[in-house]
Amino acid sequence: MSDRSRLPNPQQLVPALAEVGAALFKAVGNGAIPRSTISLIQLRAGQIIGSTYLTALHTGNLRAAGESEDRIAAVATWRDAPSFTEPERAALALTEAVLLPAVHGERVTAELYDATAKHYDETALATLAMAIGQVNFFVPLALIGKPLPGRPPAEQWTPVPA
């Protein structure tokens, strides 16, 4: 592993990124879904796309929020884990449907939508979609730029040359 990211800090290169990131965080943090559920689906998204940075980031967020190590470790195998609520399971299933290729037919079937809608009202469903989109917005930077996992934000990226 390198001690430098591949890209310099994208927020310094494209300053508007800070505004976009803050707007996404605000939209997703509207209170329609528990923050813990958002972090669980974002951890699962990081696992699915194979980003150590995003996986470490969202694992750290869950730890900081007081989430148990058992639940954090079980996110990758949530279908077999007894520690998730039905609404969390619905959110994780929706996340996987959006991010994984569909072998046959639609990714988000009517059955999956209906099962998810049993647990979330329309505002919460829209927020859930935005939460999946929020992590996906940063996927290219995570995969292309390879920020350094587990480091403070100022140390994740190679400094922008002066």
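Refer to the structure above for everything that follows.
Nothing here was measured: the structure is a model prediction, and the numbers come from that model.

Teacher, can you tell me more about the nonpolar core here?
If you look at the biggest cluster of nonpolar residues, it comprises 26 residues, and the most contacted ones within it are Ile41, Val75, Phe84, Leu92, Tyr120 and Leu128. Secondary structure elements with two or more residues in this core: α3 (35-49), α5 (69-74), α6 (86-99) and α8 (122-145). In terms of residue count, α6 provides more of this core than any other element does, 6 residues in total. Sequence-distant contacts of leucine 128, defined by excluding residues within four places in its chain, comprise Ile33, Ile41, Ala91, Leu94, Thr116 and Tyr120. Of all hydrophobic cores here, the second largest spans 8 residues; its members include Ile48, Leu54, Leu99 and Val139.

Help me out: how do you make sense of the environment of threonine 77 in this one?
Note on placement: threonine 77 falls in the loop between α5 and α6. Distance from threonine 77 to arginine 44, taken between C-alpha atoms, is 9.5 Å for residues 33 residues apart in sequence.

Even after reading the chapter, I still don't get the packing of aromatic side chains, so can you show me in this structure?
Note on aromatic pairs: each is described by the distance of the centres and the angle between the planes. Summed over all chains, the structure comprises 1 aromatic pair. Relative to phenylalanine 138, the ring of phenylalanine 137 lies with its centre 5.0 Å away and its plane at 85°, an arrangement referred to as edge-to-face. Overall, phenylalanine 137 belongs to the partly exposed group, its relative accessible area being 37%. For phenylalanine 138, a relative accessible area of 25% translates into the label partly exposed.

Rules used throughout
- Residues numbered from 1 in each chain as written.
- Predicted model: local features only at pLDDT ≥ 70, side-chain atom pairs only at ≥ 80, totals over all residues.
- Heavy atoms only, no water.
- Core = buried A, V, L, I, M, F, W, Y, C linked by side-chain atoms within 4.5 Å.
- Buried < 20%, exposed > 50% of the residue type's maximum accessible area, 1.4 Å probe, protein only.
- Helix = DSSP H or I, 4+ residues; strand = E, 2+ residues; numbered from the N terminus.
- Contact = heavy atoms within 4.5 Å.
- Phe/Tyr/Trp six-rings, centres within 6.5 Å; stacked < 30°, edge-to-face > 60°.

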